There are 2 protein chains.
Amino acid sequence: MSEILDKDYEGGLSRRQLFRGAGAAALGAALISAGGLSLASAALAKEAASPWPYKKLDVDEVGRIAYENYFTKFCAGTVARGLLFPLRDKVGGPYGSFPIDIVDWAHGGVAGWGTVCGTLPGAGIVVGLVAGDQAENIVNDLMFWYSENNLPIYKPARVIKAAIANRSVSGTPMCHISVGKWMKKEGVGFFTPQRMDRCARLSADIAMHTARLLNALAEGKYVPSHKALANVKQFGITAQLNCTDCHGSAVPGVPGS
Amino acid sequence: MSEILDKDYEGGLSRRQLFRGAGAAALGAALISAGGLSLASAALAKEAASPWPYKKLDVDEVGRIAYENYFTKFCAGTVARGLLFPLRDKVGGPYGSFPIDIVDWAHGGVAGWGTVCGTLPGAGIVVGLVAGDQAENIVNDLMFWYSENNLPIYKPARVIKAAIANRSVSGTPMCHISVGKWMKKEGVGFFTPQRMDRCARLSADIAMHTARLLNALAEGKYVPSHKALANVKQFGITAQLNCTDCHGSAVPGVPGS
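Residue positions are given per chain, counted from 1 along the sequence in the order it is written. For naming, the first written chain is A and the first written ligand is 1, with later ones following in the order written. With the structure being a predicted model, the display of local features is reserved for residues of pLDDT at least 70 and the display and counting of side-chain atom pairs for 80 or more, all residues being used for whole-chain, interface and lining totals. Side-chain measures here rest on the full set of heavy atoms in the structure, leaving out hydrogens and waters.

Visitor: What is the right way to look at the environment of C246(A) in this model?
Guide: Secondary structure elements are defined from DSSP: runs of H or I of at least 4 residues count as helices, runs of E of at least 2 residues count as strands, and each element is numbered from the N terminus. Along the chain, C246(A) turns up in helix α11 (residues 243–247). Once the C-alpha coordinates of C246(A) and G63(A) are considered, the two residues, 183 residues apart in sequence, prove to be 31 Å apart. Each residue touching C246(A), except ones within four places of it in the same chain, is listed here: I177(A), C246(B) and H247(B). For this analysis, residues touch if any pair of their heavy atoms sits within 4.5 Å.

Following this line, the structure appears as structure tokens:
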């Protein structure tokens with residue numbers, strides 16, 4: 001939970017700040033004194049939590065696995081595999097029995113609905129496993145990185161479906177908008193080998209950037225690139241900054257949109 | 001992967017249909033013959049996959065846990081806990097060491113970005129663990145159920161933050177729109193105890209409906225309520241049907257939007 005949102009959601013009390021570094025038992029005791037939620041507190045006191053052990057990943061290997069598996073597992077599942085196959089091989093232990101298809105349903109902006117690009121929950125599940133109290137910061141950085149960069153960057157050693165000519169900046173982590181902007185630029189439809197290869201390469205990009213951030217975290221060098229979105233403050237609701245990508249020319253009541 | 005999208009993504013070959021019921025070794029062998037992706041195939045042949053064991057859940061208990069934990073864990077994390085705490089207690093085994101905070105980062109429409117409501121990836125992770133080849137159908141049904149129903153339905157035995165007067169139909173699984181429509185109807189802002197209690201109750205609703213679907217699956221009675229979105233066909237891109245909720249009065253090039 002980011003500090004900005006946390007503080008406000010909780011009416012001025014930052015529970016994360018309060019509990020950072022506390023063990024599970026102390027957490028349970030603190031919750032009892034703070035909120036009196038005996039059922040929740042008892043459950044929290046004995047919950048198994050992240051982080052799982054991590055070893056630095058080979059970023060190029062992660063990208064190759066993510067690119068190649070896209071064509072059978074699609075965006076979410078292939079990003080998860082790009083990160084989890086090497087962790088299973090390098091770290092073993094709990095990764096050996098982790099159900100690697102746990103997030104396959106998130107492809108196509110969650111079951112094809114065009115909401116958040118499936119690469120991000122695909123990456124998020126692995127971040128959630130290994131990044132501890134930095135998980136949300138890393139996912140937030142990934143959302144920004146996805147939105148701000150000219151993608152896809154990844155160039156496969158062996159192209160599986162089609163050569164492509166264009167990159168695009170989505171300005172948002174939304175599948176519907178991200179895919180649409182790229183399709184318009186490339187001049188191709190959704191059901192084309194070009195669009196598939198683009199999404200496969202973009203999956204490699206997100207998996208690789210996730211590996212870079214997790215490797216930095218493992219080295220003690222991770223510093224969040226972005227603060228949590230201040231848009232809740234600015235607009236009074238969870239939001240991105242690019243209102244017109246969805247709303248057209250203006251949003252009623254939002255100055256400058 | 002739904003049949004409609006699967007068939008088209010793969011250019012007419014439905015891999016899910018092809019592989020349904022096949023064991024891991026057969027799957028790997030089939031992939032080698034179908035696509036020649038030796039690296040991906042070798043990895044797939046030995047991947048650990050869902051489903052994990054499941055026992056029918058007490059739907060009311062699931063709702064109560066999800067409502068109560070919202071105020072410290074928020075939407076995604078509390079839905080996951082509403083389902084996983086009882087599974088840990090009833091089934092044990094792998095649930096005892098599953099990192100229950102794996103999806104906490106998805107709150108607020110993924111790290112506060114206002115995309116897909118965090119309750120859905122929160123539920124999705126558990127669905128991904130236990131529902132096997134029905135996982136995507138169940139997540140799709142949850143996306144529809146969230147979008148079409150007048151929520152929140154859940155009435156807490158003990159209200160934690162605030163009484164609320166209104167329900168609303170979001171028409172979409174998007175946090176930004178769902179929360180905004182309800183706030184407008186209730187006449188309150190984002191940083192209010194009313195909005196928090198609304199999201200806590202909605203978390204209970206999604207957790208409870210997930211438990212109902214998973215219980216039905218366990219009884220052999222689950223039948224998908226919705227087909228995969230046909231919008232990719234209709235609009236040529238991953239999309240919902242309510243264009244104007246984002247786009248305003250019309251979408252260029254989309255008849256009837």
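Visitor: I would appreciate a short explanation of the pattern of salt bridges in the present structure.
Guide: All names here are of chain A. What makes a salt bridge here is a side-chain nitrogen of Lys or Arg within 4 Å of a carboxyl oxygen of Asp or Glu, nothing more. With the rule as written, the count across this model stands at 8 salt bridges over all chains. As a salt-bridge pair, R88 and D89 come within 3.2 Å of each other at their nearest N and O atoms. Burial here depends on accessible area, computed with a 1.4 Å probe over protein chains only, as a share of the maximum for the residue type. Under 20% is buried, over 50% is exposed, and the range in between is partly exposed. Using a relative accessible area of 12% as the deciding quantity, one classes R88 as buried.

Visitor: Could you clarify how one ought to interpret the packing of aromatic side chains in this entry?
Guide: Here the distance between the centres and the angle between the planes together describe a pair of aromatic rings. Two rings from Phe, Tyr or Trp (for Trp, the six-membered ring) form a pair when their centres sit within 6.5 Å of each other. Planes less than 30 degrees apart are called stacked, planes more than 60 degrees apart edge-to-face, and all others tilted. This model, assessed by the stated rule, comprises 17 aromatic pairs over all chains. Here the aromatic rings of W52(A) and F98(A) are separated by 5.6 Å at their centres, their planes lie at 80 degrees, and the arrangement is edge-to-face. Here F98(A) lies in the loop between α5 (59–90) and α6 (119–130) and W52(A) lies in the loop between α4 (38–45) and α5, a separation of 46 residues in the sequence. Note on W52(A): relative accessible area 13%, which makes it buried. Three or more aromatic residues joined by ring pairs make a cluster, and in this case those are W52(A), Y95(A), F98(A), W52(B), Y95(B) and F98(B). Geometrically, a lysine NZ or arginine CZ counts as sitting over a ring once it is within 6 Å of the ring centre and also within 35 degrees of the ring normal. One Lys or Arg, R195(A), reaches over the ring of F190(A) and ends 3.9 Å from the middle of that ring.

Visitor: Teacher, can you tell me more about the relation of the copies chain B and chain A here?
Guide: A least-squares superposition brings the copies together, and it is based on the C-alpha atoms of residues with pLDDT no lower than 70 in both. The transform that puts chain B on chain A rotates by 180 degrees and translates by 0.0 Å along the axis, for an RMSD of 0.0 Å. Considering both components of the superposition, the chain copies are consistent with a two-fold axis. Both copies contact each other with a shared surface, as 99% of the interface residues of chain B are interface residues in chain A too.

Visitor: Sorry if this is basic, but what is going on with the interface of chain B and chain A here?
Guide: For interface size, the figure often reported is the accessible area lost on association. In this assembly, 86 residues from chain B lie in contact with 87 residues from chain A. Taken together, the links from chain B to chain A amount to 0 salt bridges. Nitrogen and oxygen atoms within 3.5 Å of one another constitute a polar contact, given that in protein one can donate a hydrogen and the other can accept it, and given that sequence-neighbouring residues count only through two side-chain atoms. Our count for the contact surface shared by chain B and chain A stands at 12 residue pairs in polar contact (both at pLDDT 80 or more).

Visitor: Which parts of the structure should I look at to understand the environment of V79(B)?
Guide: Here V79(B) is to be found in helix α5 (residues 59–90). In this structure the C-alpha to C-alpha distance between V79(B) and G122(B), which are 43 residues apart in sequence, comes to 5.4 Å.

Visitor: For this particular structure, what's the right way to read the side chain of S168(B)?
Guide: Residues and elements named next belong to chain B. When you line up the elements, S168 lands in strand β2 (residues 168–169). Taking relative accessible area as the criterion, S168 reaches 8% and is therefore assigned buried. If we ignore the near neighbours within four places in the chain, the residues touching S168 are N149, N150, L151, S178, K181, W182 and K185.

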